[in-house]
Number of protein chains: 2
Amino acid sequence: MSELELLKRSLPQRFKKSPEEMLKALEEGRLEPMSMVSGFRVKKGLWGLEPGTVLTPEWLIPAFPRIPRLFVLKEGLRRNFTGPFYAEEKIEGYNVRLVRLSGKIVAITRRGYICPFATDRWPDFLDLEAFFDRYPHLMVCCEVAGPENPFLTEWPPYISRDIRFFVFDLLDLSTGCLLSPEKRYRLTEEFSFPAPEVHGPFSAHQWQEVAEILKRYDREGREGLVFKERQGQRVFKYVTPRSNLEDLRVSIAFAGDLHPAYYLHRIIRLALAHLELEERRDEELWRDFGQAVFPPLLSALKEVKRGGRITEQFRIRLRSKLAFENLLKHFAKTQVRIKILHQSWEDGYLVVTFSKEYPRSTDFWASKLSGAPEVD
Amino acid sequence: MSELELLKRSLPQRFKKSPEEMLKALEEGRLEPMSMVSGFRVKKGLWGLEPGTVLTPEWLIPAFPRIPRLFVLKEGLRRNFTGPFYAEEKIEGYNVRLVRLSGKIVAITRRGYICPFATDRWPDFLDLEAFFDRYPHLMVCCEVAGPENPFLTEWPPYISRDIRFFVFDLLDLSTGCLLSPEKRYRLTEEFSFPAPEVHGPFSAHQWQEVAEILKRYDREGREGLVFKERQGQRVFKYVTPRSNLEDLRVSIAFAGDLHPAYYLHRIIRLALAHLELEERRDEELWRDFGQAVFPPLLSALKEVKRGGRITEQFRIRLRSKLAFENLLKHFAKTQVRIKILHQSWEDGYLVVTFSKEYPRSTDFWASKLSGAPEVD
């Protein structure tokens with residue numbers, strides 16, 4: 001089938017696009033053919049579709065919505081919830097959408113790529129075949145989290161090896177709507193899906209109870225909470241000071257790759273949370289903040305000074321060699337430079353350690369350390 | 001005289017611009033007529049002229065060059081200086097260029113405005129009439145620094161009241177070149193001009209002596225050093241950790257007005273300086289950093305939370321009411337919102353206290369504190 005033919009079958013009638021418009025979108029690269037499945041990812045916003053949307057002959061798979069953030073609990077909960085809401089643990093992981101397409105269950109990343117890693121590993125954690133047999137029109141939204149994931153260097157403190165899947169949302173592809181929290185809780189329980197810890201329901205005036213959970217999460221090194229309307233689609237997130245400190249710690253060496261706002265936003269969130277939660281003494285915050293930023297920054301500088309590079313280390317386990325090859329293709333396509341350090345089979349898993357290379361950040365520090373002047 | 005006529009007389013022949021091109025530049029607002037003197041400021045880069053350049057029938061007054069920054073001393077000095085260089089104290093102040101135009105001595109800001117404050121106050125500090133009688137073709141580059149200046153909330157620790165002028169460069173308007181350091185030292189001494197502290201000359205291998213000065217400056221709360229080639233035009237700057245900490249302290253409340261890179265750059269400079277100077281124990285840096293960022297940030301949040309605004313307080317003294325009126329016009333033109341709090345005559349000076357209003361930063365914090373969600 002030609003690309004145009006496939007697109008005609010994948011784009012719902014209601015979009016009313018001519019073949020010329022479709023061809024143009026393909027030529028301009030706004031739509032990109034998927035790997036492993038028949039369909040297209042929306043690369044740049046198009047026809048009202050968010051980047052990360054996936055078009056297939058079976059389903060239009062909406063991009064996972066960006067969850068609005070609250071900076072304060074008391075006013076934030078009062079302002080945004082008129083009725084009761086649940087507070088679910090926000091899991092430090094990466095987001096995938098699992099769907100069954102032409103009989104094959106695949107995990108799709110935020111940006112709309114097939115995730116070879118999660119597509120390989122879901123059978124270890126979720127009985128999705130049984131689920132999709134019964135609910136072929138539902139999309140399973142998961143966080144993939146743990147020390148052995150291929151994308152993130154942060155994970156929940158209670159996962160000490162490998163990864164876990166956490167089902168945090170179910171979306172009805174036939175309507176584009178999320179299932180209500182309680183419907184989702186029933187289904188995840190029925191299928192024994194691992195899911196984030198749930199608190200509530202609460203009303204906005206119970207913000208102090210919510211604050212107590214966050215203070216505990218902060219002590220335990222957990223990321224935060226996602227607030228979900230009991231009846232409705234409103235969702236908001238809030239993260240712990242510790243999560244912001246950890247973000248700073250793992251990111252500061254990559255200042256040549258990240259936008260400066262990445263750091264400032266976390267400082268701002270820290271201050272607003274500290275003002276309301278009083279989760280640590282003032283002096284502890286000063287110290288924790290400096291300790292989050294400077295030791296990793298000074299280590300990175302020393303590493304580059306002695307001729308080293310800015311890298312991140314990963315270790316993952318996969319069920320097949322093919323999945324790893326697909327992951328390598330995925331990295332190549334998304335311009336992530338990696339270097340394989342070790343691979344071996346252990347207990348039926350291909351265990352791979354690799355490093356991601358950050359030449360921009362390496363050069364960023366190397367230039368300054370070399371004595372090159374800069375005009376700012 | 002028409003604007004075009006004045007521009008024809010102000011733009012040197014070598015630019016070879018037609019009247020049409022000149023009119024276009026005026027119409028597009030790339031050139032703006034000066035207040036108080038006959039001439040134009042270059043608002044946006046034009047014909048190879050930097051923003052801040054001033055064109056007058058007497059002189060083309062070049063923009064003050066941005067001084068490249070070094071992040072490390074040892075490699076930086078070695079790489080950038082083949083011969084000896086001086087190290088002059090970098091003064092925490094604002095930069096003005098003083099020239100005599102049609103018999104009137106005026107101070108010009110970095111952006112090419114007449115500075116009503118420095119234009120009013122120079123006679124208290126510099127005998128410029130005598131200087132320009134002898135050297136009408138020289139431009140006097142000064143830092144204006146002290147607790148009673150209208151622009152900055154930082155100043156050198158050894159100035160406890162009012163302001164001072166520091167002559168740090170002399171530029172020959174007939175050639176566009178800076179005088180060599182030693183020529184400048186002779187002239188500033190001859191005219192008893194106050195000037196920044198001078199160290200050296202040094203060679204690059206003496207970087208540790210330079211580091212010792214910076215460690216002392218750091219302890220004393222001074223801003224840094226400017227390195228100037230003994231024979232030549234090369235100039236570089238380097239600031240102390242304390243100066244970066246103070247920048248963070250006075251700026252963090254204005255995160256709604258400043259670019260996020262403003263903060264990140266200072267964190268980066270702190271780390272690079274700390275690595276080389278070892279000016280304080282590691283734990284002191286962690287604490288000093290947190291103490292620079294959070295107390296002012298939390299104060300600002302509390303202020304906005306109780307309905308207050310983000311402002312800066314200033315107190316200045318002027319020799320005339322007219323100078324103050326001109327300063328108010330300058331603020332209006334440069335879109336600085338101020339509120340006069342008090343004015344009175346003291347010992348022949350008009351002493352004014354005023355606050356600068358930062359509605360963008362106020363709204364930035366107020367929105368977050370109100371519980372408004374943000375998608376990031």
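Residues numbered from 1 in each chain as written. Chains lettered and ligands numbered in written order. Predicted model: local features only at pLDDT ≥ 70, side-chain atom pairs only at ≥ 80, totals over all residues. Heavy atoms only, no water.

Colleague: So what's going on with the overall build of chain A? Residues and values would help.
Modeller: Within chain A, the regular secondary structure consists of 12 helices and 16 strands. For chain A, whose C-alpha radius of gyration is 22 Å, the value lies close to the compact-globule estimate of 21 Å for 376 residues. Taken over the C-alpha atoms alone, chain A extends approximately 60 × 55 × 50 Å along its principal axes. For chain A, the proportion of contacts with a sequence separation of at least 24, taken over those separated by at least 6, is 65%. Taking the average place of the 58 positive charges on the side chains of chain A and the average place of its 53 negative ones, the gap between the two points comes to 3 Å. (Helix = DSSP H or I, 4+ residues; strand = E, 2+ residues; numbered from the N terminus. Rg over C-alpha atoms; globule rule 2.2 N^0.38 Å. Contact = heavy atoms within 4.5 Å. Lys, Arg positive; Asp, Glu negative; His and termini not counted. Charge placed at Lys NZ, Arg CZ, Asp CG, Glu CD.)

Colleague: Quick rundown of the relation of the copies chain A and chain B? Include the residues and the values.
Modeller: Once chain A is rotated about the relating axis by 180° and shifted along it by 0.0 Å, it coincides with chain B to within an RMSD of 0.0 Å. The two molecules are tied by a two-fold rotation axis, judged by turn and shift. An overlap of 100% is found between the interface residues of chain A and their copies at the interface of chain B, pointing to a shared contact surface. (Least-squares fit on C-alpha atoms with pLDDT ≥ 70 in both.)

Colleague: Could you give me a rundown of the interface of chain A and chain B, with the residues and numbers involved?
Modeller: Each side of the interface is counted separately: chain A has 52 residues, and chain B has 52 residues. Both faces considered, chain A and chain B share a buried interface measuring about 4,600 Å² in area, 78% of it formed by carbon and sulfur atoms. Among the residues chain A hides against chain B, the three largest losses belong to Trp286, Phe294 and Asp376 of chain A. Together they make up 15% of the total. If you look at where chain A meets chain B, you find 4 salt bridges. Between Arg269 of chain B and Asp376 of chain A there is a salt bridge; the shortest N-O distance is 3.1 Å. Contributions of two or more residues to the side of chain A that touches chain B are made by α3 (74–80), β13 (235–239), α9 (260–277), α10 (282–305) and α12 (359–369) of chain A. In terms of residues, the side of chain A that touches chain B owes the most to one element, α10 of chain A, which gives 14 residues. Residue classes in the side of chain A that touches chain B are distributed as 32 nonpolar, 8 polar and 12 charged. (Buried area = accessible area lost by both parts, 1.4 Å probe. Salt bridge = Lys/Arg side-chain N within 4 Å of Asp/Glu carboxyl O. Nonpolar A, V, L, I, M, F, W, Y, C, P; charged D, E, K, R; others polar.)

Colleague: Tell me what's going on with the sheet that holds β13 of chain A, and back it up with residues and numbers.
Modeller: All names here are of chain A. Read from one edge of the open sheet, 4 strands run β11-β5-β12-β13, paired in antiparallel fashion. Across the chains shown, the open sheet's two edge strands, defined by having one partner strand only, are β11 (198–202) and β13. Here the average twist between neighbouring strands, direction ignored, is 25°. Summarising the sheet, strand β5 (residues 85–90) and strand β12 (residues 224–229) pair through 6 bridges and their orientation is antiparallel. Note on β12: the bridge partner recorded for Glu88 is Val226. (Pairing = 2+ DSSP bridges. Axes fitted to C-alpha atoms, helices over the stretch in contact; angles between N-to-C directions.)

Colleague: Hey, could you go over the pairing of strand β8 (residues 138–145) of chain A for me, with residue numbers and the actual values?
Modeller: Residues and elements named next belong to chain A. Burial within β8 is extensive, with 8 of its 8 residues counted as buried. Pairing of strand β6 (residues 94–101) with β8 involves 5 bridges; the strand directions are antiparallel. When the bridges of β8 are listed, Asn95 appears paired with Glu143. (Buried < 20%, exposed > 50% of the residue type's maximum accessible area, 1.4 Å probe, protein only.)

Colleague: Give a detailed account of the pattern of salt bridges, specifying residues and quantitative values.
Modeller: Applying the stated criterion across every chain yields a total of 82 salt bridges over all chains. With a shortest N-O distance of 3.4 Å, Glu197 of chain A and Arg222 of chain A are connected by a salt bridge. One end of the pair, Glu197 of chain A, is in the loop between α6 (181–190) and β11; the other, Arg222 of chain A, is in the loop between α7 (207–220) and β12, with 25 residues separating them in the sequence. Measuring nitrogen to oxygen at the nearest pair gives 3.4 Å for the salt bridge that ties Arg216 of chain B to Glu220 of chain B. With Arg216 of chain B and Glu220 of chain B both in helix α7 (residues 207–220) and 4 residues apart, the pair spans about one turn of that helix. Look at the salt bridges and you will find they share partners, linking Asp218, Arg242, Glu246, Arg249, Glu279, Arg280, Arg287 and Asp288 of chain A into a network.

Colleague: Outline the nonpolar core, listing residues and values.
Modeller: Formed by 62 residues in total, the largest nonpolar core has its most connected members in Phe289 and Phe294 of chain A together with Phe289 and Phe294 of chain B. With sequence-adjacent residues up to four places away left out, Phe289 of chain B is seen in contact with Phe289, Gly290, Val293 and Phe294 of chain A together with Leu245, Leu248, Ile267 and Leu270 of chain B. (Core = buried A, V, L, I, M, F, W, Y, C linked by side-chain atoms within 4.5 Å.)

Colleague: Give a detailed account of the packing of α9 of chain A against helix α12 (residues 359–369) of chain B, specifying residues and quantitative values.
Modeller: Between α9 of chain A and α12 of chain B, the shortest axis-to-axis distance is 12 Å and the interhelical angle comes to 50°. Regarding the angle of α9 of chain A to α12 of chain B, the classification is oblique. In this structure, α9 of chain A meets α12 of chain B at a crossing whose hand is right-handed. Seen from α9 of chain A, the contacting residues are Ile268, Leu272 and Leu275 of chain A; seen from α12 of chain B, they are Phe364, Trp365, Lys368 and Leu369 of chain B. (Parallel < 35°, antiparallel > 145°, perpendicular 65-115°, else oblique. Left-handed = near helix turned anticlockwise from the far one by under 90°.)

Colleague: Pulling in residues and values, what's your account of the side chain of Arg222 of chain B?
Modeller: All names here are of chain B. Judged by its relative accessible area of 9%, Arg222 falls in the buried class. Polar side-chain contacts of Arg222 include one of 3.4 Å to the side chain of Glu197. If we ignore the near neighbours within four places in the chain, the residues touching Arg222 are Glu89, Pro157, Tyr158, Glu197, Arg216, Tyr217, Thr240 and Ser243. (Polar contact = N/O pair within 3.5 Å; in protein donor to acceptor, adjacent residues only side chain to side chain.)

By themselves, these are just geometric observations and shouldn't be taken as functional.
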